[in-house]
Amino acid sequence: MNVVFAVKQYISKMIEDSGPGMKVLLMDKETTGIVSMVYTQSEILQKEVYLFERIDSQNREIMKHLKAICFLRPTKENVDYLIQELRRPKYSIYFIYFSNVISKSDVKSLAEADEQEVVAEVQEFYGDYIAVNPHLFSLNILGCCQGRNWDPVQLSRTTQGLTALLLSLKKCPMIRYQLSSEAAKRLAECVKQVITKEYELFEFRRTEVPPLLLILDRCDDAITPLLNQWTYQAMVHELLGINNNRIDLSRVPGISKDLREVVLSAENDEFYANNMYLNFAEIGSNIKNLMEDFQKKKPKEQQKLESIADMKAFVENYPQFKKMSGTVSKHVTVVGELSRLVSERNLLEVSEVEQELACQNDHSSALQNVKRLLQNPRVTEFDAARLVMLYALHYERHSSNSLPGLMMDLRNKGVSEKYRKLVSAVIEYGGKRVRGSDLFSPKDAVAITKQFLKGLKGVENVYTQHQPFLHETLDHLIKGKLKENLYPYLGPSTLRDRPQDIIVFIIGGATYEEALTVYNLNRTTPGVRIVLGGTTVHNTKSFLEEVLASGLHSRSKESSQVTSRSASRR
């Protein structure tokens, strides 16, 4: 189950099926992103695709010597664009591929428009999602719910994305969903409806143990997307932001023109592929090793590389070295910027307190540490608000809860009203009343013993002690211990054996920390293959936008009635 490979195979097949000759690839806004995640332009050029165009661009030239490969989402808008295109074709012949199920009436409209008989074929190739890592996919949807319920447009898009994923991996799964989430149940039903309606598409060879689709809701764990990260991929997203593998470095002080935007893709960057899940400290030493390897080729000018600044100077002074290693200059710049932000924003200290808030249960120590950091002028308003959010989520019902005092501290620190309001919005979104699970206190004797022993032994790395709630959920699922009263099956049948192929989908967005959890479980659990997906992949900034978009904070009174109703139904 490799989502990057699945999408890549579709694109390769489209290009092969169109035969030899010069080609143009005609896409829409979304499929452009889908293709760019799995293929570089230079790779596609080698396959005789010399032009990349958008179907919605008005000023395309007529080029009858080119064959057109159209890869489009089956939206009404795209069908209309295609109809216009076929009435006045700009290319010699058209191979049309829709990224999802297309209705018979749309195909009929296209056939009627094709008076000049330029269409060679129309097919469905189910690459209707963004393949981020081999085991991680996203739909790039921010703000999928209104209150606790789906935005209808986003529900439809998510259903399409999820069913396309199942078709591309050739899985017809049993479905389980989080009972405490109305949105999870709704999505489960919609996916089931498509599987029933398109049953012929889902007739795959039966496996001994059927695959499983587990649908979860971000509301159940609002802690994970609020934490600073220390593994390479997650940290880059948290501090710089990754958008379809692209990182915007234009705000970096003194950045050179060619590094204003860089691409980090494990598919064609070996260093990134080998380091994306390693800790920040290891990345630094690995970059140093990489550069020292290059230096060995230049024995005359021995230089010592002690700090990130030395490395940057070294790269800048070697134009030919730069040419030889775009990779190195890219990673030195990225890591240099990460380390600048870490020291400027005092993130080591901030992160240590975040981890204490997420993993320990000592209220007075946590409160003291948060208060201390709120007095520190180097702590930004964003990080200050994030610490108070974590405190508010953990100690919401604590007898000595000091949230009003901390809110006062935020105000005195000059934190803007936008961030102060977000504190209550986050509790409304993922507080105790909403969660179907208990995030903070261990539930059974085994877990309590584990936590006690961990406390005795101390933590190997104070910055990465947190494990997402997803880890526990998947661990129980793999062992066949995930409670059916909390995560029921949709429909009458249940899974008797332990699941082997698991697709987990998080409404409201997944995180790179959860992707790392899945990567490690895949590596250490023989016979189990897990793919993780989400409406988007969050960092703290986008997660807070998700919370705002849900509009819960502005409907506190209304939603408290709704929530208590749904709680009594549980």
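In the block above lies the structure referred to throughout.
Let me begin by describing the structure that accompanies this report. (Residues numbered from 1 in each chain as written. Predicted model: local features only at pLDDT ≥ 70, side-chain atom pairs only at ≥ 80, totals over all residues. Heavy atoms only, no water.)

## Considering a nonpolar patch on the surface
Taken together, the side chains of Met22, Leu45 and Tyr50 present a nonpolar region at the surface, about 270 Å² in accessible area. Note on placement: Tyr50 falls in strand β2 (residues 49-54). (Patch = residues over 30% accessible without salt bridge, like charges linked within 9 Å, V, L, I, M, F, W, Y side chains within 5 Å. Areas by Shrake-Rupley, 256 points an atom, 1.4 Å probe, with all protein chains shown as cover. Salt bridge = Lys/Arg side-chain N within 4 Å of Asp/Glu carboxyl O. Helix = DSSP H or I, 4+ residues; strand = E, 2+ residues; numbered from the N terminus.)

## Description of the pattern of salt bridges
Summed over all chains, the structure comprises 29 salt bridges. One salt bridge in this structure joins Lys23 and Glu48, with 3.7 Å as the shortest N-O distance. Remark: Glu48 occurs in the loop between α3 (41-45) and β2 and Lys23 occurs in strand β1 (residues 23-27); sequence separation between them is 25 residues. Under the relative-accessibility criterion, Lys23 is labelled buried at 1%. A residue is classified by how much of its surface remains accessible, and Glu48, at 29% relative accessible area, is partly exposed. Arg345 serves as the salt-bridge partner of Asp383, at 3.0 Å between the closest nitrogen and oxygen. With Asp383 in helix α16 (residues 381-394) and Arg345 in the loop between α13 (326-344) and α14 (347-359), this pair connects stretches of sequence that are 38 residues apart. (Buried < 20%, exposed > 50% of the residue type's maximum accessible area, 1.4 Å probe, protein only.)

## With respect to the side chain of Arg176
Residue placement: Arg176 occurs in strand β10 (residues 174-177). Of the side chains with opposite charge, Glu484 lies nearest to the buried Arg176, which makes no salt bridge, at 5.3 Å. Separated by 2.9 Å, the side chain of Arg176 and the backbone oxygen of Tyr487 make a polar contact. Setting aside chain neighbours within four positions, we find Arg176 in contact with Leu212, Leu213, Leu214, Ile215, Leu477, Leu482, Lys483, Glu484, Tyr487, Pro488 and Tyr489. (Lys, Arg positive; Asp, Glu negative; His and termini not counted. Polar contact = N/O pair within 3.5 Å; in protein donor to acceptor, adjacent residues only side chain to side chain. Contact = heavy atoms within 4.5 Å.)

## A few points about the packing of aromatic side chains
Using the criterion set out here, one finds 12 aromatic pairs in the structure. With a centroid separation of 4.9 Å and 35° between ring planes, the pair formed by Tyr97 and Phe125 is classed as tilted. Here Phe125 lies in the loop between β5 (119-124) and β6 (130-133) and Tyr97 lies in strand β4 (residues 93-98), a separation of 28 residues in the sequence. Each of the two residues, Tyr97 as well as Phe125, counts as buried. Centre to centre, the rings of Phe137 and Phe505 are 6.0 Å apart; their planes meet at 25°, and the pair counts as stacked. Of the two residues, Phe137 is situated in strand β7 (residues 136-138) and Phe505 in strand β15 (residues 501-507); the sequence distance between them amounts to 368 residues. The same class applies to Phe137 as to Phe505, namely buried. One aromatic cluster is present, built from ring pairs that chain together Tyr10, Tyr97 and Phe125. A cation sits over an aromatic face here: Lys8 above Tyr39, 5.0 Å from the ring centre. The ring of Tyr419 carries the charged tip of Lys418 above its face, separated from the ring centre by 4.9 Å. (Phe/Tyr/Trp six-rings, centres within 6.5 Å; stacked < 30°, edge-to-face > 60°. Lys NZ or Arg CZ within 6 Å of the ring centre and 35° of its normal.)

## Overview of the sheet that holds strand β13 (residues 246-248)
What the 3 strands build is an open sheet, ordered β12-β13-β14; its pairing is antiparallel. Pairing within the sheet leaves two strands with one partner each, and these edge strands are β12 (242-243) and β14 (261-263). Here 2 bridges tie β12 to β13, and the two strands are oriented antiparallel to one another. Across the sheet, residue Asn243 finds its bridge partner in β13, namely Arg246. (Pairing = 2+ DSSP bridges.)

## Quick look at helix α6 (residues 152-168)
The end-to-end C-alpha separation of α6 is 24 Å, in line with the 24 Å expected for 17 residues at 1.5 Å each. The backbone nitrogen of Val153 lies 3.0 Å from a side-chain oxygen of the residue at the head of α6, namely Asp151. (Expected span 1.5 Å × (residues − 1).)

## Details of the pairing of strand β17 (residues 529-534)
Regular strands have side chains that alternate between both faces of the sheet. With 5 of its 6 residues buried, β17 lies for the most part within the structure. Two elements, β7 and β17, share 3 bridges in a ladder whose sense is parallel. Looking across to β17, one finds that Phe137 is bridged to Gly533. Bridge analysis of β15 against β17 gives 6 bridges, and the strand direction is parallel.

## Comments concerning the packing of α14 against helix α15 (residues 363-374)
Packing of α14 against α15 leaves a shortest axis separation of 10 Å and a crossing angle of 155°. Taken together, the axis directions place α14 and α15 in an arrangement best described as roughly antiparallel. The handedness of the crossing between α14 and α15 is left-handed. Contacts from Glu349, Val350, Val353, Glu356 and Leu357 in α14 reach Ser365, Ala366, Asn369, Val370, Arg372 and Leu373 in α15. By residue class, the composition of the contact of α14 with α15 is 6 nonpolar, 2 polar and 3 charged. (Axes fitted to C-alpha atoms, helices over the stretch in contact; angles between N-to-C directions. Parallel < 35°, antiparallel > 145°, perpendicular 65-115°, else oblique. Left-handed = near helix turned anticlockwise from the far one by under 90°. Nonpolar A, V, L, I, M, F, W, Y, C, P; charged D, E, K, R; others polar.)

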